[in-house]
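Commentary on secondary and tertiary structure
One letter stands for each residue in the lines below.
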Amino acid sequence: MSGPGGGIAQAAQVYADANAASLRWLLARPLLGPGFLNSKQNSITLADYGPNDGSRSPEFTYGWIQGRGLEALVTHAAFFAGSDRGLTGAIDAVARPLYDILRRLWERDGHAYFCYDADLRPIIAGADGASSPQAQPAEIYTYSDIFVLKGLIAAAARYDLPSLDGYLAELPALVGAIEGGRFQMDERVPLLARAAANQPDDFGPRMILLGAAGMLKRIGRPDAAGFAERFIAHVLERHLDAVSGLLRNVPGMDVCNVGHGIEFVGFALDHLPDEADRALIRQLEAVLLASFAAGFHAPGIRLAVSAATGEPTSPYCPWWSLPETIRSAALCHERTGNPQVLDVWRKAHAAFFETYWRGELAIAYQTMTAEGPVDFVPATPDLDPGYHTGLSLLAAIEAAGRLGANGALKTSKGA
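Residues numbered from 1 in each chain as written. Predicted model: local features only at pLDDT ≥ 70, side-chain atom pairs only at ≥ 80, totals over all residues. Heavy atoms only, no water.

**Brief notes about the overall build of the protein chain**
Looking only at helices and strands, one finds 14 helices and 11 strands in the protein chain. A compact globule built from 415 residues would reach a C-alpha radius of gyration of about 22 Å, and the protein chain, at 20 Å, matches this within 12%. In the protein chain, which comprises 415 residues, the share counted as buried stands at 59%. Residue pairs at least 24 apart in sequence account for 70% of intrachain contacts in the protein chain once pairs closer than 6 positions are excluded. Taken together, the 34 basic and 45 acidic charged side chains of the protein chain have centroids lying 3 Å from each other. (Helix = DSSP H or I, 4+ residues; strand = E, 2+ residues; numbered from the N terminus. Rg over C-alpha atoms; globule rule 2.2 N^0.38 Å. Buried < 20%, exposed > 50% of the residue type's maximum accessible area, 1.4 Å probe, protein only. Contact = heavy atoms within 4.5 Å. Lys, Arg positive; Asp, Glu negative; His and termini not counted. Charge placed at Lys NZ, Arg CZ, Asp CG, Glu CD.)

**A word on the nonpolar core**
A general tendency of soluble globular proteins is for nonpolar side chains to be buried together. Within the largest apolar cluster, 140 residues are counted, with the highest numbers of intra-cluster contacts made by Leu209, Leu216 and Phe264. In contact with Leu209, not counting residues within four places along its chain, are Ile146, Leu171, Leu174, Val175, Ile178, Phe227 and Phe231. (Core = buried A, V, L, I, M, F, W, Y, C linked by side-chain atoms within 4.5 Å.)

**Some details on the sheet that holds strand E10 (residues 367–369)**
Read from one edge of the open sheet, three strands run E9-E10-E11, paired in antiparallel fashion. A strand with exactly one partner marks an edge of an open sheet, and here the two such strands are strand E9 (317–318) and strand E11 (372–373). Across two bridges, E9 lies against E10 in antiparallel orientation. Looking at E10, one finds that Pro318 is bridged to Thr367. (Pairing = 2+ DSSP bridges.)

**Things to note about helix H9 (residues 228–239)**
Compared with an ideal rise of 1.5 Å per residue, which puts 12 residues at 16 Å, H9 spans 16 Å between its outermost C-alpha atoms and is within 8% of the ideal. Along H9, the residues that are buried comprise Ala228, Phe231, Ile232, Val235, Leu236 and His239. An end-on view of H9 places all buried positions within 125° of arc, on one side of the element. In this structure, the buried residues of H9 make contact with helix H6 (171–179), helix H8 (204–218), helix H10 (258–271) and helix H11 (278–295). (Expected span 1.5 Å × (residues − 1). Arc of directions from axis to C-beta.)

**Digging into the packing of helix H4 (residues 143–159) against H6**
H6 packs onto H4 with a crossing angle of 160° between their chain directions and a minimal axis gap of 11 Å. Here H4 lies roughly antiparallel to H6, going by the angle between them. Considering only the axes of H4 and H6, their crossing is left-handed. Each of Asp145, Ile146, Leu149 and Ile153 in H4 lies in contact with H6, whose residues at this interface are Leu171, Leu174 and Ile178. (Axes fitted to C-alpha atoms, helices over the stretch in contact; angles between N-to-C directions. Parallel < 35°, antiparallel > 145°, perpendicular 65-115°, else oblique. Left-handed = near helix turned anticlockwise from the far one by under 90°.)

**Section: the packing of aromatic side chains**
A full pass over the atoms with the stated rule returns 17 aromatic pairs. With 6.4 Å between their ring centres and 75° between their planes, Phe203 and Phe264 make a pair best called edge-to-face. Highlighted residues: Phe203 in the loop between helix H7 (193–198) and H8 and Phe264 in helix H10, separated in sequence by 61 residues. Pairing Phe292 with Phe296 gives two aromatic rings, centres 4.6 Å apart and planes at 15°, and the pair type is stacked. Using a relative accessible area of 5% as the deciding quantity, one classes Phe292 as buried. Residue Phe296 is classed as partly exposed on the basis of its relative accessible area of 25%. Taken together through their ring pairs, the aromatic side chains of Tyr62, Trp64, Phe114, Tyr143, Phe147, Phe183 and Tyr387 make up a single cluster. The ring of Phe147 has Arg68 sitting right over it, with the charged end atom 4.4 Å from the ring centre. (Phe/Tyr/Trp six-rings, centres within 6.5 Å; stacked < 30°, edge-to-face > 60°. Lys NZ or Arg CZ within 6 Å of the ring centre and 35° of its normal.)

**Some words on the layout of surface pockets**
Its boundaries defined by the atoms lining it, the largest pocket holds a volume of some 800 Å³. Residues belonging to the lining of the largest pocket are distributed by class as follows: 18 nonpolar, seven polar and eight charged. (1 Å grid on protein atoms, 1.4 Å probe; cavity = no way out; pocket = protein on both sides within 12 Å on 5 of 7 lines; lining within 4 Å. Points joined across faces, edges and corners; volume = space filled by probe spheres on them. Nonpolar A, V, L, I, M, F, W, Y, C, P; charged D, E, K, R; others polar.)

**What to know about H4**
Because an α-helix completes one turn every 3.6 residues, residues spaced three or four positions apart along the sequence face the same direction. End to end, H4 covers 24 Å across 17 residues, agreeing with the expected 24 Å (1.5 Å per residue, within 8%). You can read the cap of H4 off the contacts: a side-chain oxygen lies 3.2 Å from the backbone nitrogen of Ser144, and it is on Thr142. (Polar contact = N/O pair within 3.5 Å; in protein donor to acceptor, adjacent residues only side chain to side chain.)

Here's what the structure looks like:
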């Protein structure tokens, strides 16, 4: 990127090509089990995970990944329908059956779970591959519920419209769990009411569910996102540190996951209408700038920094926070035209595509430190199925289009 106009247009084309190539990589891989997405590949060695790789092996299915992947696939199918009907058809051929699989699991359990065994039973899996059954209390909700329900809503809007209202009607239970102390963040331990009630007041659950608001707007159901502005206000009122401008993970505690702060800004801007309060937009812009300034240390954005000192407290730089920064900066620049925000966009773009993106194989290194790629798993060992990277870049493409900068995008059929 070199600046407005041509720079942004060029970036938008890079994003479209990267997303198309990444989807082709994912779709070319053999499906697992009854039709699950297979991104079980080591981002450093490029070796596929096998039966001797413990919790990374194909024996374990992560509800997080499959739900994220379903939302990403159906969103990209709609995007590429006008420029690459062949790619859209290939996406639909995988996404439609995946919707049916996740729909049946949701109907069976009333929830989604972080990890399933080969028989699709919810389990807690250790790194060595040992496992135990997961508790299934009906009143406790988790991140997996958010990701799978978002995927089901997005897919129902494309493939199964009569079922859409039913899935939308399940959103209030998720909102109520988050606001009522019945949402458990740690899914690697037994799900228990007392665990959910006693966990720290992290803004993560509100931030992640806020991501549904923009999707609901795109499928023509913004009426289902009544929680969104309440979530935005809650996070800014309780978690914003007035001195550093960072979002503290937990009020009163020092740790800041600046990637989550940046992701929150992107989701908020994706939801807010054009006529949103300008003071709120400037406040979100300030969180983006402060979070990037504190977190961006080569080669990427550190996993955690101190609110008190602004210094990184983790050596790890996961891939996902860079495309999330591209999304947030693009949406913010569209609103404010601030050259500082454009500079953040440029820097995040350069860091991601020059350092993390593997190029010919359209995947990113999952985690890096100052010494280079490291085998550190941020959340699940499966690689990104078009969610953090693809949906973030897609939002930037759409922002570029509204800025009049991308013209007629084309996809690289040979990618």
